[in-house]
Amino acid sequence: MTELATAEARPVEARLLHMVFPDHTNHLGTLFGGQALAWMDMSAFIAASRYARTTVVTARSEQVDFNQPIHKGDLVEVVARVVKVGRSSMNVDVEVITENLLTGERKLCTRGHFVMIALDPLGRPTQAPPLAPKET
């Protein structure tokens, strides 16, 4: 295995990009909250799956704060990071950042916390890999 492959074996972050089209919005032209939650959950799933390298499921979504509206035509970047690992659980923090493609202005719009569970091939909770200590 190469040094690069070893260093990237357990990524803790996933980034997804989406465009907000009219079918994603409500009557005010802003993103449906449910759509934002779906994108956040998908990002948390990808981050936890890549980190654990096993099947994962969402156990809980906690404290999702919608601070700014997301408008039709915005580019949305969803950033998910594995921040804590228990026995089978992985805590994933998710941020939703919008970018106006014409001006480049970026805003943090939504934050949330998700708990994902690592599963074995029979669908039972299994040991998640320990999180490496942060380098200082």
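Just above sits the structure.
Starting afresh in each chain, residues are numbered from 1 along the sequence in its written order. Local features in this predicted model are restricted to residues of pLDDT 70 or higher, and side-chain atom pairs are both shown and tallied only at a pLDDT of 80 or more, whereas totals for entire chains, interfaces and linings draw on every residue. Just so you know, side-chain values use all the structure's heavy atoms and leave hydrogens and water out.

Would you mind showing me how to read the overall build of the protein here?
Looking only at helices and strands, the protein has two helices and five strands in total. The secondary structure listing takes helices from DSSP runs of H or I that are at least 4 residues long and strands from runs of E that are at least 2 residues long, numbered from the N terminus. Starting at the N terminus, the α and β elements of the protein follow one another as α-β-α-β-β-β-β. Along the three orthogonal principal directions, the C-alpha set of the protein runs to about 45 × 35 × 25 Å. Classification of the 136 residues of the protein by burial places 38% in the buried group. Considering only residue pairs separated by 6 or more positions, the protein has 69% of its internal contacts joining residues 24 or more positions apart. Surface exposure of the protein reaches about 8,200 Å², of which carbon and sulfur atoms provide 55%. This count recognises Lys and Arg as positive and Asp and Glu as negative, with His and chain-terminal groups excluded. Here the site of a charge means NZ on Lys, CZ on Arg, CG on Asp, or CD on Glu. Put simply, the protein has 14 plus and 15 minus side-chain charges, and the middle of one group is 5 Å from the middle of the other. Burial status follows relative accessibility: with a 1.4 Å probe on protein chains alone, a residue under 20% of its type maximum counts as buried, one over 50% as exposed, and anything between as partly exposed. Contact definition: two residues touch when any of their heavy atoms are within 4.5 Å. Only the protein chains shown count as cover for residues, and the accessible areas themselves come from Shrake-Rupley with a 1.4 Å probe.

How should the pairing of strand 4 (residues 89-99) be read in this particular structure?
Within a regular strand, the side chains alternate between the two sheet faces. Bridge analysis of strand 3 (residues 75-85) against strand 4 gives ten bridges, and the strand direction is antiparallel. Looking at the pairing, Val-82 lines up with Val-92 of strand 4. Two strands form a pair only when DSSP identifies at least two bridges running between them. Here strand 3 folds back onto strand 4, and the loop between the two strands holds three residues. One ladder, built from eleven bridges, connects strand 4 with strand 5 (residues 106-119); its direction is antiparallel. Pairing of Ser-89 across the sheet is with Ile-117, part of strand 5.

What is the right way to look at the sheet that holds strand 1 (residues 13-19) in this model?
Within a sheet, neighbouring strands are paired by backbone hydrogen bonds and run either parallel or antiparallel to one another. Strand order across the open sheet formed by five strands is 1-3-4-5-2, with antiparallel pairing between neighbours. The sheet terminates laterally at strand 1 and strand 2 (55-66), the two strands that pair on one side only. Going from strand to strand, the sheet's axes swing by 25° on average, the running direction of each strand aside. Convention adopted: a line fitted to C-alpha atoms gives each axis, helices being fitted over their contacting stretch, and angles between N-to-C directions are expressed from 0 to 180 degrees.

How should the pairing of strand 5 be read in this particular structure?
Of all 14 residues making up strand 5, ten are buried, and the element is well covered by its neighbours. Examined bridge by bridge, strand 2 and strand 5 share nine bridges and lie antiparallel to one another. By the bridge assignment, Thr-58 is partnered in strand 5 with Met-116. Hairpin connection from strand 4 to strand 5: six residues lie between these consecutive antiparallel strands, with Gly-104 at a positive phi of about 80°.

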